[in-house]
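Notes for the structure review
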Amino acid sequence: MSTTTTTTPTSTTTPTLADALTSGPLARTVALGICALLGLADIAGTAGLGADDAPPAFVVLVGTALGIITLAATLPAVRGRAPGLLTVLCSRFVSAALGFGVYFDDGAPRWAEIAVAVFVCLTLAAFGLLATAAQAPARGTRP
């Protein structure tokens, strides 16, 4: 009586950059980094307040306030605090929504429309990364 043992080859896959970016903690950190950079861009927009083709002062000041709120909430969000994450998400959403006004202003320069489009795309990318990070299982758990 003889027993035969068969072994099946195990396949090892090398994680790609996309896999690394959509894994829980890294995706969250990258997304919050994007949000922090967008907050800095909102604050930097204050420099153009007196320019000839500047947006209305109200929009600039609200954008600056949203940038400060984003930066203030980023560190608690990185540390895993839910109120910090919610604050970052809300401030970035309102900032992106505030930018859409440039498409309804006939006097707005073309570069402003392009900048708003880029910032909205970056905001959506950050939200997408946060969504995939929230769905990623915790390390060491089984699906």
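Residues numbered from 1 in each chain as written. Predicted model: local features only at pLDDT ≥ 70, side-chain atom pairs only at ≥ 80, totals over all residues. Heavy atoms only, no water.

Across its full length, the protein holds five helices and zero strands. Its helices and strands taken in sequence order, the protein reads α-α-α-α-α from the N to the C terminus. Taking all 143 residues of the protein together, 27% fall into the buried category. Here the contacts in the protein between residues at least 6 apart in sequence split such that 65% fall between residues at least 24 apart. Carbon and sulfur atoms make up 68% of the accessible area of the protein, which amounts to about 9,600 Å² in all. (Helix = DSSP H or I, 4+ residues; strand = E, 2+ residues; numbered from the N terminus. Buried < 20%, exposed > 50% of the residue type's maximum accessible area, 1.4 Å probe, protein only. Contact = heavy atoms within 4.5 Å. Areas by Shrake-Rupley, 256 points an atom, 1.4 Å probe, with all protein chains shown as cover.)

Interaxial distance between helix H3 (residues 57–78) and helix H4 (residues 82–99) falls to 8 Å at its minimum, and their mutual angle equals 155°. In this view, H3 runs roughly antiparallel relative to H4, as classed from their interaxial angle. When you trace H3 past H4, the crossing you get is left-handed. Contacts between H3 and H4 involve Val59, Val62, Gly63, Leu66, Gly67, Ile69, Thr70, Ala73, Thr74, Pro76 and Ala77 from the former and Gly84, Leu85, Thr87, Val88, Ser91, Arg92, Val94, Ser95 and Leu98 from the latter. Taken together, the residues that form the contact of H3 with H4 break down as eleven nonpolar, eight polar and one charged. (Axes fitted to C-alpha atoms, helices over the stretch in contact; angles between N-to-C directions. Parallel < 35°, antiparallel > 145°, perpendicular 65-115°, else oblique. Left-handed = near helix turned anticlockwise from the far one by under 90°. Nonpolar A, V, L, I, M, F, W, Y, C, P; charged D, E, K, R; others polar.)

Now for the environment of Asp42. With respect to the helices, strands and loops of the structure, Asp42 is situated in helix H2 (residues 24–44). Considering only alpha carbons, one finds Asp42 and Val62, 20 residues apart in sequence, at a separation of 9.1 Å. In this structure, Asp42 is in contact with Gly63, Thr64, Leu66, Gly67, Arg92 and Ser95, ignoring residues within four places of it in sequence. In this structure the side chain of Asp42 is engaged in a polar contact, spanning 2.4 Å, whose partner is the side chain of Arg92. (Polar contact = N/O pair within 3.5 Å; in protein donor to acceptor, adjacent residues only side chain to side chain.)

This part takes up the side chain of Glu113. Of note, Glu113 is situated in helix H5 (residues 110–135). When its relative accessible area of 18% is taken as the criterion, Glu113 is described as buried. Among the polar contacts made by the side chain of Glu113, one reaches the side chain of Arg110 at a distance of 2.9 Å. Every residue in contact with Glu113, bar those within four places of it in the chain, is listed here: Val102 and Tyr103.

Our next topic: a nonpolar patch on the surface. On the surface, a nonpolar cluster with roughly 320 Å² of combined accessible area is contributed by Ile114, Val118, Phe119 and Leu122. Here Phe119 lies in helix H5. (Patch = residues over 30% accessible without salt bridge, like charges linked within 9 Å, V, L, I, M, F, W, Y side chains within 5 Å. Salt bridge = Lys/Arg side-chain N within 4 Å of Asp/Glu carboxyl O.)

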